[in-house]
Amino acid sequence: GVPAEIDVAGLGTLVDLFDDSMKRFADRPAVQCFGSRLSYATVGKFHYKYNNGSITQDAVYKVTGMGFSAVPTVPLTRNFSLYGRLGAFFSQARLTFYNANFVAGAVSAGVQSSQTSLLSGFGAQYFFDDESGMRIEYENFGRVGSECSANVPICTGRANAKMVSANLIFKF
């Protein structure tokens, strides 16, 4: 998602909007078909550049956070299963301006907002053997950032954070 306060019409490609996202996670089975997951995610970072004719101001919006969720699993074969996720995502959204107010080299102090939102998702996983496999999943991290209004002029803007990922799994 893109904060409503940022005009996406000036963007050429999706690469202009999102330049990275990553995650790290640890799963812990509780019983055969039910477990929990602790994860850290950099959901994304995007730049929006404004140009006044001589100087370009770069607004950088970045979201990171920790998630904790329950993970029920439905095995369809010995190696293939489907699963869901439901839990909480503790996020931090940060908005920083470079060449702030069109002054070369000026950097804003940055605005930061911490939120807790509902974390949900689903996916499929296939194990090649007992120790390694692959996983494809969709995650919805909920709404992140702080909403801007007349009463709250200093804000990060809101975004709906979602991720589709493909992961390699190694048990140890």
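Keep in mind the model is a prediction, meaning the values are calculated, not measured.

Caption draft 1: Spatial organisation of the overall build of the protein chain. A count of helices and strands for the protein chain gives one helix and seven strands. Helices (α) and strands (β) of the protein chain occur, in sequence order from the N terminus, as α-β-β-β-β-β-β-β. Within the protein chain, the fraction of its 172 residues that count as buried is 37%. Residue pairs in contact within the protein chain that sit at least 24 positions apart in sequence constitute 59% of those at least 6 positions apart. Just so you have it, the protein chain exposes about 10000 Å², and 60% of that area is on carbon and sulfur atoms.

Caption draft 2: Molecular detail of the packing of aromatic side chains. All chains considered together, the criterion is met by five aromatic pairs. On the numbers, 5.4 Å between centres and 35° between planes, the contact of Phe46 with Tyr61 is tilted. In this pair, Phe46 is assigned in strand S2 (residues 34–51) and Tyr61 in strand S3 (residues 56–75), connecting sequence segments 15 residues apart. Judged by centre distance (4.6 Å) and plane angle (50°), the rings of Phe89 and Phe141 are tilted. Note that Phe89 is positioned in strand S4 (residues 80–98) and Phe141 in strand S6 (residues 132–146), a separation of 52 residues in sequence. In this structure, Arg135 is placed above the aromatic ring of Tyr83, and the distance from its NZ or CZ to the ring centre is 5.2 Å. A cation over a ring is seen here: Lys171 above Phe127, with NZ or CZ 4.6 Å from the ring centre.

Caption draft 3: Spotlight on the environment of Ser117. Along the polypeptide, Ser117 turns up in strand S5 (residues 111–127). Its relative accessible area of 12% is what places Ser117 among the buried residues. In this structure, the C-alpha to C-alpha distance between Ser117 and Ala88, residues 29 residues apart in sequence, is 5.7 Å. Every residue in contact with Ser117, bar those within four places of it in the chain, is listed here: Gly87, Ala88, Phe89, Phe141, Gly142 and Arg143. Reaching out from Ser117, the side chain makes a polar contact with the backbone oxygen of Phe141 at a distance of 2.5 Å.

Caption draft 4: How the structure looks around a nonpolar patch on the surface. Among the surface-exposed residues, Val74, Leu76, Phe80, Leu82, Tyr126, Phe128, Met134, Ile136, Leu168, Phe170 and Phe172 lie close enough to one another that they form a single nonpolar patch of about 1200 Å² accessible area. Elements with a minimum of two residues in the nonpolar patch: S4, S6 and strand S7 (157–170). For Phe170, the location among the structural elements is in strand S7. Given the relative accessible area of 56%, Phe170 is considered exposed.

Caption draft 5: Seen up close, unusual backbone geometry. Non-glycine residue Asn99 carries a positive phi angle of around 60°. Positionally, Asn99 belongs in the loop between S4 and S5. Despite not being glycine, Asn101 shows a phi value in the positive range, around 55°. Within the secondary structure, Asn101 is located in the loop between S4 and S5.

Caption draft 6: Summary view of the nonpolar core. Grouped together as the largest cluster of nonpolar side chains are 15 residues, with contacts concentrated most on Val43, Tyr61, Val63, Phe89, Phe141 and Val144. Among all residues touching Phe89, those that are not within four sequence positions of it are Ala41, Val43, Thr64, Gly65, Met66, Gly67, Gln115, Thr116, Ser117, Leu119, Phe141 and Val144.

Caption draft 7: Examining the environment of Ser146 more closely. Along the chain, the position of Ser146 falls in strand S6. On the basis of relative accessible area, Ser146 is assigned to the buried category, the value being 18%. Distance in space between the C-alpha atoms of Ser146 and Ala93 is 8.0 Å, their sequence separation being 53 residues. Ignoring anything within four residues of it in the chain, the contact list for Ser146 reads Ser113, Cys155, Thr156, Gly157 and Arg158.

Cut-offs applied
Residues numbered from 1 in each chain as written. Predicted model: local features only at pLDDT ≥ 70, side-chain atom pairs only at ≥ 80, totals over all residues. Heavy atoms only, no water. Helix = DSSP H or I, 4+ residues; strand = E, 2+ residues; numbered from the N terminus. Buried < 20%, exposed > 50% of the residue type's maximum accessible area, 1.4 Å probe, protein only. Contact = heavy atoms within 4.5 Å. Areas by Shrake-Rupley, 256 points an atom, 1.4 Å probe, with all protein chains shown as cover. Phe/Tyr/Trp six-rings, centres within 6.5 Å; stacked < 30°, edge-to-face > 60°. Lys NZ or Arg CZ within 6 Å of the ring centre and 35° of its normal. Polar contact = N/O pair within 3.5 Å; in protein donor to acceptor, adjacent residues only side chain to side chain. Patch = residues over 30% accessible without salt bridge, like charges linked within 9 Å, V, L, I, M, F, W, Y side chains within 5 Å. Salt bridge = Lys/Arg side-chain N within 4 Å of Asp/Glu carboxyl O. Core = buried A, V, L, I, M, F, W, Y, C linked by side-chain atoms within 4.5 Å.

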